[in-house]
Each structure stands twice: as C-alpha cells, then as structure tokens.
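Here are the chains, one letter per residue:
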Amino acid sequence: MADTKSATLTLDGKSVDLPILKPTIGPEVVDIRKLYGQADVFTYDPGFTSTASCDSTITFIDGDKGELWYRGYPIEQLAKNSHYLEVCYLLLYGELPDEGQLEDFENRVTHHTMVHEQMNNFFRGFRRDAHPMATMVGVVGAMSAFYHDSTDIADPWQREVAAIRLIAKLPTIAAMAYKYSIGQPFVYPQNDLDYASNFLNMCFSVPATKYTPDPALARAMDRIFTLHADHEQNASTSTVRLAGSSGANPFACIAAGIACLWGPAHGGANQAALEMLQQIGSVDRIPEYIKRAKDKDDPFRLMGFGHRVYKNFDPRAKVMKESADEVLDLLGIENNETLKVAKELEKIALEDDYFVSKKLYPNVDFYSGIILSAMGFPTSMFTPIFALSRTVGWIAQWKEMIADPQNKIGRPRQLYVGSGKRDYITVSDR
Ligand code: ACO
C-alpha cells in the first residue's frame, strides 16, 4: 500500500512530506498521521468528506460510476446469483464458501437463532407503543448481559461466537420487537426454514392461523438483506468502529450502530421516504413538494433522494426497483396511489434541473419501502429490517478492526472556536 510518492505541505516556510498511500482501486490517500507531530497543525474535515478513517478489504464503492462491490464481487451479481447467508460468509471471511463451508456456516447461524428465554421478560419492560428501533437498541445492547461468554474481544473464538450470535439472533429480535409492538405473541424461529422465510414467519405467523412464507417473497426479502449487507465506512459503520476502538464488546458496538442507523439522514430514510409519499398523497401535489425541496429556506428534503457517495444511480436502487416491480406484480398490486406518486416523483426528479445538476438520484431507501409495505410491513419496521441486514457488515468491519495490529482508539480533534480563558465570577456579581 505504501508508495514512494509523497505530497509536500509548506507552512510558515517549513516543509512537511506526507506519504501517499495507494489503494487497490480508488483515489490515492494522503497519510497525515504524523502531521500534528511534525507541523503542530490538525486537518479540518467536518462530516469526513475527504477523510479515510481506516484501511479495509471488505467493500468498495465508486460513487461516480455507481459501483458497489463486496470483496470485489459486484452487488448486481451477488443480488442475482447468490443469497444472503453466502454473502454473510463472503463479508466475514473474505472468500465465497465451498459447499461444505457454506453448509457448516448455515448450520451455525441456524442453530443460534433462538434468544435466551429470559429475554422475553426483558422485552416486556418496554411500552407497547415503543418504536421497534428503540426496542432493538435496548435489546441488542442487553445481549452483552445475556451472552457474557462472548464479550472478551481479545479471544478470537469469542469474537467468532459473538459474530454468529448477532447474525443469527437479529432477525429474531427484530421480529420480537414487531410482535411486541402489535400485541401479538412472539414466534420462535424454525430451523427448517431458510433465513428470510424464517424472518417472514416470525413476523407474520400467529398461533391461530397457519402461515406458509411465499418462496418468491422470501427471495425478495433475502435480496433486500443482501443489498443492505455492507456499505463501506458510512455513519453507522463508523460508529461501530469508533465504539469498538475503545475495546467495547461487540453487542454494545452493534447497539451503537443501530442507534446511528435510525436517523432519517441514514437508515431511517426508508421509513421517512414512504411516509413522505403518503403525505404527498396524490400526483397533483408533487409540484408543491418539489418546490419545497428546492427552497433553501425550507428544511424539507425529498427523502430517498441523494447520497453522500453516489453521484450517479445507487446500484442497489436499480436492483431494488426491479425487485419492487416483481413483488408488486406477484401480489397483484397495480398502481395504488402511493405507487403512482412514487413513479411520478422519480420521473420528475430525474428530469428536474435542480436534482440533475446536484446529482440527486433515488437511493436504495426510495424503493425498499415500496416493497416492504407491499409485503405487509408497517413503516416502523423498515429501519429494523435495514439494521438486521447491516449487522453482518458492522460485525465484519468490527472484526477487521480488532484483528488489525494498527488499531488504536479513535479520537478526533477539533477546531476550537469557543471563548478564550476567563475568570469565574460568583453568581451575585454576574
Ligand atoms: N432533497 C433536496 N435537496 C437535497 C437533497 C434532497 N433529498 N439531498 C441533498 N440536497 C441538496 C442540498 O440541499 C445541498 O444543496 P446546496 O449545495 O445548494 O446547499 C446539496 O444537495 C448537497 O447536499 P448535502 O446535504 O451537502 O449532501 P450530503 O452528502 O451531506 O448528504 C444525504 C447526503 C444526507 C443522503 C442527503 O442527500 C439527504 O438528506 N437525502 C435525504 C435522506 C436520505 O434519503 N437518506 C438516505 C441515504 S442512503 C442510506 O443511508 C442507505
């Protein structure tokens, strides 16, 4: 990675040589680690728009071309030919598994899907109307209390057990959060179902009626999991890495990632996008909302549009759009009003000069909500589904960081613009 190339920074007549690091692909990186020591200055980059926070071998994004690869494999190929648990193996271990490895991995995940029975009581401490994301942040954080035997981050075996437990139990926890919020009994996982069918079963079956997950819907669900599995150093992944850099246990780190994902600028956008479509309500009201989105004085944004990295079509959105068409076709949902609004909004935004010039394309969240809603999920479950899908990415990135000998606690600095030093004045003299 290191190269002989360097950049020279001249400050107050003094020159500092900064090595240039060469990635496999993508922009070169100026290594500023020694800058403060040599020149007594920091760099300033709020929102990390120009900063690589780590090196990683897991996921690559070319935002200008609209490309996303997991371990070198394009997302379109994985979404079409692979399935979620194979993608999990790839993300965690770096290579596609052979048949034996895949069978063993699927077995390990399948046999960890149940949660500690006492967790049921833990759920009951939440209000019934709690948002499932609120419940998930709490329950996943509490996993470190229930699975204390896999919290020693210095032990590679415990790290591995924690990884499998998280991938296996997150669908169970998300489904439990949902069932709890609608006042239905929890449904135990079933080992004879595949990962996606099992999740659908835990969400939609009730003891009184037999439920058989539709294989085509399970396939669409699995594809949603695959498309969300990892996405490089986004806000929630960086949160997981930062939490993990202090030595916090994996369950605490993933709970931190879930909390970060919840925000509407990140994973919460899928809920916000569908709610926006419902709020617009009819095609004739679209111009009003487009006008608001362009108005600098109005905080309104078109949810599900734009991306920090993609300045071209989000490749996940392309696959998701195809999936949406298939699912709606399968369920016989023709143009309902929300769908009409979505299609028209997409068309207008893709032609509108404001959106075109700022390269604001529909992102994955714009289409995922349409599919999930058609499947019968309420909007409050959209982000929990994103969270369970992304858990493998978070854990793969966390494991990569812990195993990296260069790992040190993340500790950004600041540009202080507060008051200078001043003397304390007693309250009666102020
Ligand atoms: N609607 C209207 N205008 C927008 C939108 C939008 N959705 N997104 C960006 N803009 C405008 C901004 O006002 C800004 O305009 P300016 O240059 O005239 O000031 C310009 O485009 C750049 O926007 P930034 O906020 O600087 O871009 P940033 O990279 O920081 O933000 C983000 C990216 C957060 C995704 C943003 O596009 C957004 O808020 N989108 C809506 C929420 C959303 O869909 N989030 C999901 C992201 S994908 C994911 O997490 C899976």
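None of the values given here were measured: they were computed from a predicted structure. (Residues numbered from 1 in each chain as written. Predicted model: local features only at pLDDT ≥ 70, side-chain atom pairs only at ≥ 80, totals over all residues. Heavy atoms only, no water.)

**Comments concerning the overall build of the protein**
No. 1: The secondary structure content of the protein amounts to 18 helices and six strands.
No. 2: A compact globule built from 430 residues should have a C-alpha radius of gyration of about 22 Å, and the protein, at 23 Å, falls within 12% of that.
No. 3: The dimensions of the protein, computed from C-alpha atoms along their principal axes, are 75 × 65 × 55 Å.
No. 4: Looking at the 430 residues of the protein, the share that counts as buried comes to 47%.
No. 5: Looking at the protein alone, contacts between residues at least 24 apart form 71% of all its contacts between residues at least 6 apart. (Helix = DSSP H or I, 4+ residues; strand = E, 2+ residues; numbered from the N terminus. Rg over C-alpha atoms; globule rule 2.2 N^0.38 Å. Buried < 20%, exposed > 50% of the residue type's maximum accessible area, 1.4 Å probe, protein only. Contact = heavy atoms within 4.5 Å.)

**Observations regarding the sheet that holds strand 5 (residues 67-70)**
No. 1: Strand order in the open sheet formed by three strands is 4-5-6, and the pairing between neighbours is antiparallel. Two strands bound the open sheet, and with one partner strand each, they are strand 4 (59-62) and strand 6 (73-74).
No. 2: With four bridges connecting them, strand 4 and strand 5 associate as antiparallel partners. In the sheet register, Thr59 faces strand 5, and the bridge partner there is Tyr70. (Pairing = 2+ DSSP bridges.)

**Describing the packing of aromatic side chains**
No. 1: For the structure on display, the rule yields 23 aromatic pairs.
No. 2: The interplanar angle of 85° and the centroid separation of 6.0 Å between the aromatic rings of Phe122 and Phe126 together place this pair among those described as edge-to-face.
No. 3: Ring geometry for Phe122 versus Phe146: centroids 6.1 Å apart, planes at 75°, classification edge-to-face. Note that Phe122 is positioned in helix 5 (residues 119-123) and Phe146 in helix 6 (residues 132-146), a separation of 24 residues in sequence.
No. 4: Directly above the ring of Tyr180 sits Arg128, whose terminal nitrogen or CZ lies 4.1 Å from the centroid.
No. 5: Arg413 extends its terminal NZ or CZ atom over the ring of Tyr36, reaching a point 6.0 Å from the ring centre. (Phe/Tyr/Trp six-rings, centres within 6.5 Å; stacked < 30°, edge-to-face > 60°. Lys NZ or Arg CZ within 6 Å of the ring centre and 35° of its normal.)

**Comments concerning the packing of helix 9 (residues 215-227) against helix 18 (residues 382-403)**
No. 1: Direction vectors running N to C along helix 9 and helix 18 enclose 65°, while the axes themselves pass 8 Å from each other. In terms of orientation, helix 9 lies roughly perpendicular with respect to helix 18. Crossing hand, helix 9 versus helix 18: right-handed. From helix 9, Met221, Ile224 and Phe225 reach across to helix 18, where they touch Ile385, Leu388 and Ser389. (Axes fitted to C-alpha atoms, helices over the stretch in contact; angles between N-to-C directions. Parallel < 35°, antiparallel > 145°, perpendicular 65-115°, else oblique. Left-handed = near helix turned anticlockwise from the far one by under 90°.)

**What to know about helix 4 (residues 99-110)**
No. 1: With twelve residues, helix 4 ought to run about 16 Å at 1.5 Å a step, and its terminal C-alpha atoms sit 16 Å apart, in line with that.
No. 2: Those residues of helix 4 that sit buried are Leu102, Phe105 and Val109. What you see down the axis of helix 4 is that its buried residues fit within an arc of 65°, all on one side. When the buried face of helix 4 is taken as reference, the exposed residues oriented beyond 90 degrees from it are Glu99 and Glu103.
No. 3: Those residues of helix 4 hidden inside the fold are in contact with helix 3 (84-93), helix 7 (156-182) and helix 8 (195-204).
No. 4: Capping the start of helix 4, Asp98 holds a side-chain oxygen 3.2 Å from the backbone nitrogen of Gly100, two or three residues further along. (Expected span 1.5 Å × (residues − 1). Arc of directions from axis to C-beta. Polar contact = N/O pair within 3.5 Å; in protein donor to acceptor, adjacent residues only side chain to side chain.)

**A closer look at the state of the cysteines**
No. 1: Under the definition given, this model contains zero disulfides.
No. 2: Left unpaired, Cys253 is separated from the closest cysteine sulfur, that of Cys260, by 13 Å.
No. 3: Take Cys253: its relative accessible area is 0%, and that puts it in the buried class. (Disulfide = S-S within 2.5 Å.)

**Section: the UniProt feature "active site" (unreviewed entry) in the protein**
No. 1: In the UniProt entry, the feature "active site" (unreviewed entry) is given for His307 and Asp365. The annotated residues occupy 59 residues of the chain but converge on a single region, no pair of C-alpha atoms lying more than 10.5 Å apart.
No. 2: By the secondary structure assignment, His307 is in the loop between helix 13 (286-294) and helix 14 (315-330).
No. 3: Those residues in contact with His307 that lie beyond four places of it in its chain are His231 and Arg316.
No. 4: A distance of 3.2 Å separates the side chain of His307 from the backbone nitrogen of Tyr310, its partner in a polar contact.
No. 5: The contact partners of Asp365, leaving out residues within four places of it in the chain, are His228, His266, Ala269, Asn270, Ala273 and Phe386. (UniProt positions renumbered as here; feature names shortened; annotations may be inferred.)

**Topic: the nonpolar core**
No. 1: Counting 115 residues, the largest nonpolar core has Phe199, Met221, Leu302, Leu345 and Phe377 as the members making the most contacts within it.
No. 2: In terms of residue count, the dominant contributor to this core is helix 7 (14 residues).
No. 3: For this core, the two domains that each supply at least three residues are domain 2 (74-266 + 380-401) and domain 3 (268-375).
No. 4: Ignoring anything within four residues of it in the chain, the contact list for Leu302 reads Met276, Ile290, Ala293, Leu345, Ala349 and Phe355. (Core = buried A, V, L, I, M, F, W, Y, C linked by side-chain atoms within 4.5 Å. Domains from an automatic or database assignment.)

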